[in-house]
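Structural overview for review
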Amino acid sequence: MRDPKEFHFKLPAEGRPVDAVIPEQWYPGVRDCWNKCSTKRIYHPIEGIRAVVIHATAGQSSAGAVSVMKAGKAGFHWLVPDEDEPQHGKLVWACVPETLAAWHVRNDKSHPDVNDGKNKVNHWSLGIEIVNRQSVNDPFSDWQVRITAQIIRYCWAKYPNLTDIVSHAKLDPLRRTDPGAGFPWEWFKELILQPANIPEDIINTPVAGMPDDLDEDI
Ligand SMILES: [Zn+2]
């Protein structure tokens, strides 16, 4: 297992996807907390995006992760459900609009390898949270890794200056270890750079309707 503080690679100049889609749906009611967990970007919302930061929740559920957003403690753009949730294998939750700077990395954190060591990472990045306890008893599912890779391909197609794919642990090594040593970083990187490894059913899964039993206060 590798140290998550080393999880980082740069997207090559060649191989940018022309287009890539993700099965995403807004988390119910989430827009009510955007003012508590995101800010207007200080850079251009398309050209200013330089990095995607990979996180793991250290919790057990999407609802738990969203409750942190609702409490105004953190924000992120996408949330990848855990394998025991009904959305697993079907869709990822969109949580904060890509045009806003979600609060997923502290403003004073930075790394010299990433965007020339600039701080205020949230303003030039997008954040993905994967629901995972970061323990040996909770491996990431194949689908979680594949769909996160597909989100990166979507971003790579959309943001012309996107270069760095990096762990939260690398940007904030004294406070954070996510996405954790159990995240298969090399395979993840391969999936992004060699899309033939992402099965058609991941790329073309239609977005399912909202399950009947899901309401706004989960
Ligand atoms: Zn994190």
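Since we're looking at a predicted model, the values are computed, not measured.

Before going further, it helps to examine the packing of aromatic side chains. Under the counting rule described, the total for this entry stands at nine aromatic pairs. Judged by centre distance (5.3 Å) and plane angle (55 degrees), the rings of Trp 26 and Trp 34 are tilted. Seen from their ring centres, Trp 185 and Phe 188 are 5.2 Å apart, and the 55 degrees between their planes marks the pair as tilted. Residue Trp 185 and its partner Phe 188 are both found in helix α5 (residues 185-193); the two are separated by three residues, about one turn of the helix. Exposure class is identical for Trp 185 and Phe 188. Each is buried. Grouping aromatic residues by their ring pairs yields a cluster made of Phe 7, Phe 9, Phe 140, Phe 183, Trp 185 and Phe 188.

With that out of the way, let us pick up the confidence of the model for the chain. Detailed reading of the predicted coordinates is not advisable wherever pLDDT is low. For the chain, mean pLDDT is 91; residues scoring 70 or higher make up 89% of the total. Below pLDDT 50 for its whole length, residues 208-218 participates in 18 contacts with residues either more than four positions away or in separate chains.

Definitions and cut-offs
- Residues numbered from 1 in each chain as written.
- Predicted model: local features only at pLDDT ≥ 70, side-chain atom pairs only at ≥ 80, totals over all residues.
- Heavy atoms only, no water.
- Phe/Tyr/Trp six-rings, centres within 6.5 Å; stacked < 30°, edge-to-face > 60°.
- Helix = DSSP H or I, 4+ residues; strand = E, 2+ residues; numbered from the N terminus.
- Buried < 20%, exposed > 50% of the residue type's maximum accessible area, 1.4 Å probe, protein only.
- pLDDT = per-residue confidence, 0-100.
- Contact = heavy atoms within 4.5 Å.

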